[in-house]
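So the chains spell out like this:
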Protein chains: 2
Amino acid sequence: MARTFTSSPVRDLLALANRPEVISFAGGLPAPDLFDVDGLRAAFDQALSRRTLQYAPTEGDVDLRALVAARMTRRGLPTTAADLLVTTGSQQALALVVTALLEPGSVVAVEEPTYLAALQCFQLAGARVVPVAGDEHGVDPAALAEVVERERPELLYLVPTFANPTGRTLDAGRRAAIAAVADRHGLWVVEDDPYGELRFRGEPVPPLASFSDRVLHLGSFSKIGAPGLRLGWLRAPEALLRTLVIVKQAADLHTSALDQAAAAVYLGATDLDEHVRGLCAAYRERRDAMVAALPSTTPEGTRWTDPDGGMFVWLTLPGDVDTGELVGKALERDVAFVPGAAFYATTPDRSTMRLSFTTNAPDGIAEGMRRLATVLR
Amino acid sequence: MARTFTSSPVRDLLALANRPEVISFAGGLPAPDLFDVDGLRAAFDQALSRRTLQYAPTEGDVDLRALVAARMTRRGLPTTAADLLVTTGSQQALALVVTALLEPGSVVAVEEPTYLAALQCFQLAGARVVPVAGDEHGVDPAALAEVVERERPELLYLVPTFANPTGRTLDAGRRAAIAAVADRHGLWVVEDDPYGELRFRGEPVPPLASFSDRVLHLGSFSKIGAPGLRLGWLRAPEALLRTLVIVKQAADLHTSALDQAAAAVYLGATDLDEHVRGLCAAYRERRDAMVAALPSTTPEGTRWTDPDGGMFVWLTLPGDVDTGELVGKALERDVAFVPGAAFYATTPDRSTMRLSFTTNAPDGIAEGMRRLATVLR
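Residues numbered from 1 in each chain as written. Chains lettered and ligands numbered in written order. Predicted model: local features only at pLDDT ≥ 70, side-chain atom pairs only at ≥ 80, totals over all residues. Heavy atoms only, no water.

If you check an unreviewed UniProt entry, chain A appears there as 2-aminoadipate transaminase from Saccharothrix longispora. Its UniProt record gives chain A a comment under Cofactor (unreviewed entry), which states: "pyridoxal 5'-phosphate". (UniProt positions renumbered as here; feature names shortened; annotations may be inferred.)

This is the structure we're talking about:
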């Protein structure tokens, strides 16, 4: 075999967290109890036809692209259907960008910690990943400028809004500054935005892509609709989009035509803003329940993020502790989390961990946090 | 941008062939009039649930894998669910194999002509493609052995049964000989088998993968069910399958969970053998209509294949003719075909062309062939 790859430790862990008695804060899953099962069932029934069972254009369903473009435009990112490529989840959008822009030895800049399946994608491409320093407001533009000068990365990867795993949001001033660095150096930036609509507090920040054409915006149906359908989309400048369409054609010809058509019917028939408001109301309660329990769950000196939206709280424990050694004990007590080390491209901070608050109701969160306290304290 | 890619000329052509007045023999599409719309609609209605709307394991739906494994076993390739990875169409299976096994500069051996989206996949990976000589019985094992000695390919790519574009089938003796070459040299072989069940004449030939563990078998729901769902599968030895699962995780996390579950419900509830017999009966009539019209459609000295199954007839015109120059004239007369040059990795035979007989009923085929005669004769 020409190449070897290693499995994701989080993935192996999640297999253990699937026992029904486990209260899992590990998965990055949306709440299944909030899926609009009836709405989606009706949409599939309406969308299924000889046309949607046949091969379809690689670019994606024209109705879906128009509806997504209108939605992005309303959110502050002027977009037309022609700017968009529908992808098999936004994970595929990232994989296509990697294929189009990187080759073995290419350099990718990331904030640390960051989304681990993105790191895996860069590793598979043989890219070298370099971290950019940041703080609670996200990546630091001055640090980025220095990394760009020194390392000449092809690509900067960011989850600017409610980041995975930290829950942090890059502020508007820094967005403008990062866009300026990208413009100046001809750097491509990926704005991975699966969580942006899940805001429970504060005012929306303009999409990073609204500041520069060097920013590729990745969106997803997974957190506002349902992830099982694997529907994402990618907004890119025309020349790069043409290349990405060719790369996608080789990758899977096109994304499920029926799933795309059903999503288009659903977006056309449903008040998705109302549905998202419902998600946000439920997730706000769940975040509040988790954050309220943290003082009695963690040892003195623990720090955590209190995110304005998204799905995750990020913890840093005090002292010389390795959360990777605690996760087995947690599973014995029927509670699961993700040790933080997996989210680092370079030197991990092993005292960190990620908790997801989305899939458990407040009662379950309270009970899970009590179990977790017996491990952490 | 680090890399540049070119679009598929056939793809650009197909855009022109979409006018409703065109009788198209160009697309490699299954007949939409034969889709089991009602059966699939019922399957989607039954399969849609909170579980199938959620994220799912990368390996694929366990029920679908078990049903596909049983079907492959009945077709002469003993298979368990654990041997299979569900993919987003068999195009993705090929793309994953390419990512796992090839790197820039790797060598891939192919029969010529061959499936053009496979060639595109190899080109994207930066591989060098070398042809292996063959004849009407498929690739020649002695020629393969010589290419393997000389070029040391990592991979041999074949559509052994009812090949795209030629319709040819590799005979059993050659399959055994090719498997022996693969075993002897540690060569990986891809058996791309989207058409294998569409046999209208003669006896089934054992799958190439039944002769050697070095053969990766790619199957698809596209030609026996519906291509819009993008469902394929890949059978590989355990160690390589583990790597392919990791590669797929980075590519799109998993294939649509709902589409997989619906296909499992459909396979469990339907007599697919009966459905396939119906497809074969219709396609046999359509092939017969096309082959019967060929003598009056083509100039004296034209050669064509008369396939035992699949979707394609392959023509070689006499003399110094370039079918790429005829296709515009054909479209003016509202008939479409694919010029053969695109299916060659090296020096094309420009006097060739591919005709698909699947999507038109015998009447339409007769009319399309009359139009084509005015271009070819």
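There's plenty left to go through after this.
Draft legend 1. Structural context of the overall build of chain A. Within chain A, the secondary structure is distributed over 13 helices and 15 strands. In chain A, the share of contacts with a sequence separation of at least 24, taken over all contacts with a separation of at least 6, comes to 75%. Of the roughly 13,500 Å² that chain A leaves accessible, carbon and sulfur atoms contribute 51%. Here chain A contributes 37 positive and 47 negative side-chain charges, whose respective centroids are spaced 1 Å apart. (Helix = DSSP H or I, 4+ residues; strand = E, 2+ residues; numbered from the N terminus. Contact = heavy atoms within 4.5 Å. Areas by Shrake-Rupley, 256 points an atom, 1.4 Å probe, with all protein chains shown as cover. Lys, Arg positive; Asp, Glu negative; His and termini not counted. Charge placed at Lys NZ, Arg CZ, Asp CG, Glu CD.)

Draft legend 2. Structural view of the relation of the copies chain B and chain A. At an RMSD of 0.0 Å, chain B and chain A line up after a rotation of 180 degrees and a shift of 0.0 Å along the axis. Each copy turns onto its partner about a two-fold axis. When the interface residues of chain B are mapped onto chain A, 100% of them are again interface residues, pointing to one common binding face. (Least-squares fit on C-alpha atoms with pLDDT ≥ 70 in both.)

Draft legend 3. Spatial organisation of the sheet that holds strand E10 (residues 231-235) of chain B. Residues and elements named next belong to chain B. Across the sheet, seven strands lie side by side as E2-E10-E9-E8-E7-E3-E4; this open sheet has mixed pairing. The outermost strands of the open sheet, each flanked by one partner alone, are strand E2 (84-88) and strand E4 (128-132). Direction aside, the axes of adjacent strands within the sheet are offset by 25 degrees on average. Bridge count for strand E7 (residues 155-158) against strand E8 (residues 188-192) is four bridges, and the pairing is parallel. (Pairing = 2+ DSSP bridges. Axes fitted to C-alpha atoms, helices over the stretch in contact; angles between N-to-C directions.)

Draft legend 4. Up close: the pairing of strand E4 (residues 128-132) of chain A. Residue and element names in this part refer to chain A. Here strand E3 (residues 107-111) runs beside E4; their pairing, made up of five bridges, is parallel. Following the sheet pairing, Val107 is matched in E4 by Arg128. A crossover links E3 with its parallel partner E4, the connecting element being helix H6 (residues 116-124), and its sense is right-handed. (Right-handed = clockwise from strand over helix to strand, strands pointing away.)

Draft legend 5. Looking closely at the pattern of salt bridges. Throughout the structure, instances matching the rule amount to 45 salt bridges over all chains. Between Arg201 of chain A and Asp306 of chain A there is a salt bridge, with the nearest N and O atoms lying 3.5 Å from each other. Here Arg201 of chain A is found in the loop between strand E8 (188-192) and strand E9 (215-220), whereas its partner Asp306 of chain A is found in the loop between strand E11 (303-304) and strand E12 (312-316), with 105 residues between them in sequence. Among the charged side chains, a salt-bridge network with shared partners connects Arg71, Arg75, Asp193, Glu197 and Asp273 of chain B. (Salt bridge = Lys/Arg side-chain N within 4 Å of Asp/Glu carboxyl O.)

Draft legend 6. Representation of the packing of aromatic side chains. By the definition in use, this model includes 15 aromatic pairs over all chains. Pairing Phe44 of chain A with Phe44 of chain B gives two aromatic rings, centres 5.7 Å apart and planes at 10 degrees, and the pair type is stacked. Remark: Phe44 of chain B occurs in helix H2 (residues 37-47) and Phe44 of chain A occurs in helix H2 (residues 37-47); the pair is interchain, linking two chains. Note on Phe44 of chain B: relative accessible area 4%, which makes it buried. With a centroid separation of 6.3 Å and 85 degrees between ring planes, the pair formed by Phe221 of chain A and Tyr266 of chain A is classed as edge-to-face. One end of the pair, Phe221 of chain A, is in the loop between E9 and strand E10 (231-235); the other, Tyr266 of chain A, is in helix H10 (residues 257-269), and 45 residues separate them in sequence. (Phe/Tyr/Trp six-rings, centres within 6.5 Å; stacked < 30°, edge-to-face > 60°. Buried < 20%, exposed > 50% of the residue type's maximum accessible area, 1.4 Å probe, protein only.)

Draft legend 7. Seen up close, the UniProt feature "domain: Aminotransferase class I/classII large" (unreviewed entry) in chain A. If you check UniProt for "domain: Aminotransferase class I/classII large" (unreviewed entry), the listed places come out as residues 42-359 of chain A in our numbering. For residues 42-359 of chain A, helix accounts for 42% and strand for 17%, while the C-alpha atoms at its two ends are 25 Å apart.

Draft legend 8. Spatial organisation of the interface of chain B and chain A. In this assembly, 64 residues from chain B lie in contact with 64 residues from chain A. If you look at where chain B meets chain A, you find two salt bridges. Between Arg41 of chain A and Asp45 of chain B there is a salt bridge; the shortest N-O distance is 3.6 Å. Only H2, helix H3 (50-53), helix H5 (89-101), helix H6 (116-124), helix H9 (238-252) and helix H10 (257-269) of chain B provide two or more residues apiece to the side of chain B that touches chain A. Ranked by residue count, the leading element in the side of chain B that touches chain A is H9 of chain B, at nine residues. The class makeup of the residues in the side of chain B that touches chain A is 33 nonpolar, 19 polar and 12 charged. (Nonpolar A, V, L, I, M, F, W, Y, C, P; charged D, E, K, R; others polar.)

Draft legend 9. Just the packing of H2 of chain A against H10 of chain A, in detail. Residues and elements named next belong to chain A. Closest axis-to-axis distance for the H2/H10 pair is 8 Å, and the angle between their directions is 120 degrees. Here H2 is positioned oblique relative to H10, judged by the angle of their axes. In terms of crossing hand, the pair formed by H2 and H10 is right-handed. Every residue of H10 that contacts H2 at Gly39, Leu40, Ala43, Phe44, Gln46 and Ala47 is listed here: Leu258, Asp259, Ala261, Ala262, Val265 and Tyr266. Residue classes in the contact of H2 with H10 are distributed as nine nonpolar, two polar and one charged. (Parallel < 35°, antiparallel > 145°, perpendicular 65-115°, else oblique. Left-handed = near helix turned anticlockwise from the far one by under 90°.)

Draft legend 10. Fine view of unusual backbone geometry. Of note, the amide linkage connecting Glu112 of chain A to Pro113 of chain A takes the cis form, showing an omega dihedral of -5 degrees. Within the secondary structure, Pro113 of chain A sits in the loop between E3 and H6. One non-glycine residue, Phe162 of chain A, lies in the positive phi region at around 55 degrees. Structurally, the position occupied by Phe162 of chain A is in the loop between strand E7 (155-158) and helix H8 (172-185). What makes Phe162 of chain A buried here is its relative accessible area of 0%. With a phi angle near 55 degrees, Arg230 of chain B is a residue other than glycine that sits in the positive phi range. Looking at where Arg230 of chain B falls in the secondary structure, it is placed in the loop between strand E9 (215-220) and E10. Judged by its relative accessible area of 2%, Arg230 of chain B falls in the buried class.

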